[in-house]
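The residues making up each chain are set out below.
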Amino acid sequence: MTKLLIIGKMPPPVGGVAEHVRRLTQSLRRAGFDFTFCDMGNTPLFTMLAGIITHPVIHIHFSNPLVQVTFAIFCRLTGKKLLITYHGCWGRYRALGNRAVELSARLAYIPIVQERASLLRALQCNPRSREISTYIPDPVLLPLPEALHSALVARRPQYQATFCTNAWNVTFDKHRKEVYGISELITRFGEYPEFQLLISDPSGNYRRYIHEYCPHIPANIFFISRLHDFKSVLRLSDAFIRNTTTDGVSLSVYESRELGIPVLASAAVERPAFCSVFDNFLKTDLREKLGEARQLITLPAPAHDTADKLIELYRKIAPNQN
């Protein structure tokens, strides 16, 4: 019987958490590590609870604080060792959500966070807290549909530089601001007609949201509102923009680094050294930031050993596990 049960969701829909779960499970299989996976989106609650009861170690991947604390309580009552990966920075929810995060961390066996500030807060709740990145490289590159690829290639010569960004859905933070800041990007690019912005919008919801408030989108804005591999969009771009109000470890930031694509990122959280960081995109000089990002992307690439760290952690918690 396997000792480890991983609970999360697989893409689609596209999103950082689901993509991490997909890459993690693939890495564990390649390493020959024995585990059971439960897809939260397609598994009945009874089956999921039965899975928890029959496994001594549980690792959950979802962002709803109330669901996290519910799982933490159930695992504590049933004597299970629970690992929770918190995919965003601590403090990003309203008061109730933040309290639920703290409680789930206290009840969990090991909370896993993404950056130093969150680790300091997590350690106050649970001394076993760890900082382990959610970024796991994926060498697979899926080509864009031929018509879309041709359209993007045809647009590039019309502009001095092509920027890209992505948003898996329209979401808002605790202050009711757009988490992905797409409206700000569109407004700012309206002042830079010599540059174009490609917006990866796989759900199509952002395009509908923007059209509702801005029926006349500038010609230098191009929405990609269908499922696609964002890395293929990066390869057709001169820079990536991450204009978020909160964040964890952005997969796209690190994928850009691996492809040698300069990165402009908001100062919402501590960013890697290779990012050109801005405070307010509406006041950002795009030409200046692009030049800075091109210089920073030449810095040495950081090491990525997330899967190895997790396997080592699993083996410490569940001895005799392959």
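One can find the structure itself at the top, above this paragraph.
Residues numbered from 1 in each chain as written. Predicted model: local features only at pLDDT ≥ 70, side-chain atom pairs only at ≥ 80, totals over all residues. Heavy atoms only, no water.

A. Summary view of the packing of helix α7 (residues 182–189) against helix α8 (residues 205–213). Running from N to C, α7 and α8 point in directions that differ by 60°, and their axes come no closer than 11 Å. Put simply, α7 runs oblique to α8. Crossing handedness for the pair α7 and α8: right-handed. Between α7 and α8, the residues in contact are Ile-182, Ser-183 and Ile-186 and Tyr-206, Tyr-209 and Ile-210, respectively. Of the residues belonging to the contact of α7 with α8, the class tally is five nonpolar, one polar and no charged. (Axes fitted to C-alpha atoms, helices over the stretch in contact; angles between N-to-C directions. Helix = DSSP H or I, 4+ residues; strand = E, 2+ residues; numbered from the N terminus. Parallel < 35°, antiparallel > 145°, perpendicular 65-115°, else oblique. Left-handed = near helix turned anticlockwise from the far one by under 90°. Contact = heavy atoms within 4.5 Å. Nonpolar A, V, L, I, M, F, W, Y, C, P; charged D, E, K, R; others polar.)

B. Here's a closer look at the side chain of Thr-284. Among the secondary structure elements, Thr-284 is positioned in the loop between β12 (275–278) and α11 (286–296). Accessibility expressed as a relative area gives 5% for Thr-284, which makes it buried. Within the structure, Thr-284 has its side chain in polar contact with the backbone oxygen of Asn-280 (distance 2.9 Å). With residues near it in sequence (within four places) discarded, Thr-284 still touches Arg-188, Tyr-192, Phe-278 and Lys-289. (Buried < 20%, exposed > 50% of the residue type's maximum accessible area, 1.4 Å probe, protein only. Polar contact = N/O pair within 3.5 Å; in protein donor to acceptor, adjacent residues only side chain to side chain.)

C. How the structure looks around the pairing of strand β7 (residues 161–166). Where burial is concerned, most of β7 is hidden: six out of the six residues are buried. Across six bridges, β7 lies against strand β8 (residues 195–200) in parallel orientation. Across the sheet, residue Ala-161 finds its bridge partner in β8, namely Phe-195. Of the crossover connections in this fold, the one passing from β7 over α7 to the parallel β8 is right-handed. The pairing of β7 with strand β10 (residues 239–242) spans two bridges and is parallel. Along β10, the bridge assignment pairs Phe-163 with Ala-239. (Pairing = 2+ DSSP bridges. Right-handed = clockwise from strand over helix to strand, strands pointing away.)

D. Just the sheet that holds strand β4 (residues 81–85), in detail. What the six strands build is an open sheet, ordered β2-β1-β3-β4-β5-β6; its pairing is parallel. Edge positions in the sheet fall to β2 (36–39) and β6 (130–131), since each of these pairs with one other strand and no more. As judged from the three bridges shared by β4 and strand β5 (residues 110–113), these two strands associate in the parallel manner. Note on β5: the bridge partner recorded for Ile-84 is Pro-111.

E. Molecular detail of the pattern of salt bridges. Summed over the entire model, instances satisfying the criterion amount to 13 salt bridges. The salt bridge involving Arg-22 is made with Asp-138; its shortest N-O contact spans 2.6 Å. Here Arg-22 is found in helix α1 (residues 16–30), whereas its partner Asp-138 is found in the loop between β6 and α6 (146–155), with 116 residues between them in sequence. In this structure, a network of salt bridges that share partners links the residues Glu-19, Arg-22, Arg-23, Asp-138 and Glu-255. (Salt bridge = Lys/Arg side-chain N within 4 Å of Asp/Glu carboxyl O.)

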